[in-house]
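What follows is each chain in one-letter form.
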Amino acid sequence: MAQRSGSADLPLHGGRVPAWLAGRMNRLAGVMTEAIVLEYGRDEFLRRLSHPFWFQSFGAVIGMDWHSSGVTTTVISALKKGLKPLERELGIHVCGGRGRHSRQTPAELASVGQRTGVDGDALAKASRLVAKVDSAAVQDGFDLYLHGFVVADDGKWVVIQQGMSDARRQARRYHWLSEGLTDFVDQPHSAIEGRSGGEVINLTDRRAAASRKAQLDLLGGIGPDGIAAEFARLDGRAAAAPEPPQQELLPHLVMPDRHDLREGDVVLRRLHGALAAAAERGPVDFPDLLMTGGVGARTVRALAMVAEVVHGTPCRFSDPARFSLAHGGKDGHPYPVPLKVYDQTITVMKQAVRKAKLGESEELSAIRRLDAEARRLERHARGPSLQAHIAEERANSPAYGGRTVFGWASDEAQEAMRSGR
């Protein structure tokens, strides 16, 4: 049976991803998915999507604001567009999305069923049930506005939904995984993300089974008059009711409202390990890339973080903010998106995946070695403070083709960003 794997607080942010970044996100999301499926299979990719920490890390490494609720919309959109040309080859289909796109999910799933032979009607039913559970059975003050359904050719699926609370300016994300799922209303979530808003009615909790049965008995047995009488009887006992059992402790990811990245947001030894691995493995595994003056070495550092998202185990993603240090963020935090670096990352990944499909796995193996070296070196690697690293990136940003939603990186723009203007 699927279990909750954690929760997180997500600030509710508006705005759109600009076209110059969205296209790159689509391509990088697509090729990273290819690499994961090649290395670990479709089932593992679905499992990773159901993990809230990995999901947030994936969004950060492709350049979305590291702490924003917009990561959810962005990742679903990037996967949907990036995997569309590859869905027959990979056997993975992304349906739904935000707003009106979410309402098209049943029709899209029916179309997937016609193309692949899986039961599209059953998938559509699952989609509706998942939405109903998170909107009605889990009454936590968040209104659903996004529903993404990722399904494989064999019928296995993962759902990512998100709700918002305008009053609290917060979003809550819900993850579902079909693997091991036996009951839609008995503790089905693989994870629920979002800030606590006080007492929550969660009828999907396994401890609520008696409540669900009692509600059905009330509706089908004693009728409205009996329900009123039962309320009157219970009202007198409310003061003597025992304390409800405490919710089991789960990993909890807190995403702050602030935009700037701070030391506490990043496990610094992991960052130092990635920087050291890029310096050591780069000349050995990526000599041609390093011939590109000034940009090549920086790209290997970005690749080290991409490699970790492709190869890392769940415990590696306790600090998803760290992955924003690969390609920055569209709002300029931690620094502008280095387009020259981003484009080289895509090129290297695409070339590695293309060759691996032809039986030449050396380049994809080099990316795997980069991740393994980072994990080995982080135990003793030393490096700059986080703020020093960010300052260096901002200083080099114009040379890397740095860009944000506000424009191209320049000395004036960098100074305005540092001063908070």
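Residues numbered from 1 in each chain as written. Predicted model: local features only at pLDDT ≥ 70, side-chain atom pairs only at ≥ 80, totals over all residues. Heavy atoms only, no water.

A.B. asks: Would you mind going over the environment of H311 with me for this structure?
C.D. replies: Note that H311 resides in helix 11 (residues 296-311). According to the relative accessible area criterion, H311 is buried, its value standing at 9%. It is 9.3 Å that separates the C-alpha atoms of H311 and A35, two residues lying 276 residues apart in sequence. Once residues lying within four places of it in the same chain are set aside, the contact partners of H311 are E39, Y40, R48, I367, R368 and D371. Among the polar contacts listed, one links the side chain of H311 to the side chain of Y40, at a separation of 2.6 Å. (Helix = DSSP H or I, 4+ residues; strand = E, 2+ residues; numbered from the N terminus. Buried < 20%, exposed > 50% of the residue type's maximum accessible area, 1.4 Å probe, protein only. Contact = heavy atoms within 4.5 Å. Polar contact = N/O pair within 3.5 Å; in protein donor to acceptor, adjacent residues only side chain to side chain.)

A.B. asks: Help me understand the pattern of salt bridges in this model?
C.D. replies: Opposite charge on two side chains makes pairing possible when the charged atoms of those side chains draw close. Scanning the entire structure with this criterion turns up 30 salt bridges. Between R47 and E179 there is a salt bridge, and its shortest N-O distance comes to 2.9 Å. Placement of R47 in helix 2 (residues 42-49) and of E179 in the loop between strand 6 (170-177) and strand 7 (189-193) is noted, with a sequence separation of 132 residues between them. With relative accessibility at 32%, the residue R47 sits in the partly exposed group. (Salt bridge = Lys/Arg side-chain N within 4 Å of Asp/Glu carboxyl O.)

A.B. asks: I'm lost on the sheet that holds strand 10 (residues 337-338) in this one. Help?
C.D. replies: Strand pairing within a sheet occurs via backbone hydrogen bonds; the two strands may be parallel or antiparallel. Taken in spatial order, the three strands make up an open sheet running 10-11-12, and their pairing is antiparallel. Of all the strands in the sheet, just strand 10 and strand 12 (407-408) have a single pairing partner and so form its edges. Bridge analysis of strand 11 (residues 402-404) against strand 12 gives two bridges, and the strand direction is antiparallel. Looking at the pairing, T404 lines up with G407 of strand 12. (Pairing = 2+ DSSP bridges.)

A.B. asks: Quick question: what am I supposed to make of unusual backbone geometry here?
C.D. replies: Backbone geometry follows two general trends: most residues other than glycine have a negative phi, and most peptide bonds adopt the trans configuration. Note the cis peptide between H333 and P334, where omega equals 5 degrees. Its location among the elements puts P334 in the loop between helix 12 (324-327) and strand 10. In the Ramachandran plot, R169 falls in the positive-phi region, its phi being about 55 degrees despite a non-glycine side chain. When you line up the elements, R169 lands in the loop between strand 5 (157-165) and strand 6. Relative accessible area serves as the criterion here: at 46%, R169 is assigned to the partly exposed category.

A.B. asks: In this structure, what is going on with helix 7 (residues 105-116)? I would like to understand it.
C.D. replies: Since there are 3.6 residues in each turn of an α-helix, residues three or four apart along the chain are aligned in direction. Between its first and last C-alpha, helix 7 extends 16 Å over twelve residues, near the 16 Å set by a 1.5 Å rise per residue. Restricting attention to buried positions, one finds in helix 7 the residues T105, L109, V112 and G113. Taken down its axis, helix 7 places every buried residue within 100 degrees of arc, on the same side. Of the exposed residues in helix 7, the ones pointing more than 90 degrees away from its buried face are A107 and Q114. The positive-phi residue at the C-terminal boundary of helix 7 is G117, with phi of around 95 degrees. (Expected span 1.5 Å × (residues − 1). Arc of directions from axis to C-beta.)

A.B. asks: Just to check I follow, could you spell out the packing of helix 1 (residues 19-40) against helix 4 (residues 70-83) for this structure?
C.D. replies: Packed helix pairs are characterised by how far apart their axes lie and by the angle those axes make with each other. Axis separation between helix 1 and helix 4 bottoms out at 8 Å; the angle between their running directions is 75 degrees. The angle between helix 1 and helix 4 falls in the class roughly perpendicular. Only T74, S77, A78, L79, K81, G82 and L83 of helix 4 make contact with helix 1, whose side of the interface consists of M25, N26, A29, G30 and T33. Of the residues belonging to the contact of helix 1 with helix 4, the class tally is five nonpolar, six polar and one charged. (Axes fitted to C-alpha atoms, helices over the stretch in contact; angles between N-to-C directions. Parallel < 35°, antiparallel > 145°, perpendicular 65-115°, else oblique. Nonpolar A, V, L, I, M, F, W, Y, C, P; charged D, E, K, R; others polar.)

A.B. asks: Can you help me understand the nonpolar core in this one?
C.D. replies: Nonpolar side chains tend to gather and get buried jointly when the protein is soluble and globular. Counting 89 residues, the largest nonpolar core has M32, L49, V61, L79 and F286 as the members making the most contacts within it. With ten residues, the single largest contributor to this core is helix 1. Structurally, this core is a two-domain feature, drawing no fewer than three residues from each of domain 1 (7-207) and domain 2 (263-419). V61 has contacts with L28, M32, M305, V306, V309, F323, A326 and H327, leaving out every residue within four places of it along the chain. Counting 15 residues, the second largest nonpolar core, distinct from the first, contains C95, V130, V133 and V151. (Core = buried A, V, L, I, M, F, W, Y, C linked by side-chain atoms within 4.5 Å. Domains from an automatic or database assignment.)

A.B. asks: Can you walk me through the environment of A399 in this structure?
C.D. replies: As for its position among the elements, A399 is in the loop between helix 15 (386-396) and strand 11. Placed eleven residues apart in sequence, A399 and S410 show a C-alpha to C-alpha distance of 9.4 Å.

A.B. asks: What am I meant to see in the side chain of R298 here?
C.D. replies: Positionally, R298 belongs in helix 11. Classification of R298 as buried rests on a relative accessible area of 2%. Of the polar contacts made by the side chain of R298, one reaches the side chain of E393; its length is 2.9 Å.

A.B. asks: Would you mind going over the confidence of the model for the protein chain with me for this structure?
C.D. replies: Interpretation of the predicted coordinates at a detailed level should be avoided for regions scoring low in pLDDT. Predicted confidence across the protein chain gives a mean pLDDT of 83, with 77% of residues reaching 70 or more. Of the regions scoring below 50 in pLDDT, residues 1-5 engages in 28 contacts with residues more than four places distant in sequence or in other chains. (pLDDT = per-residue confidence, 0-100.)

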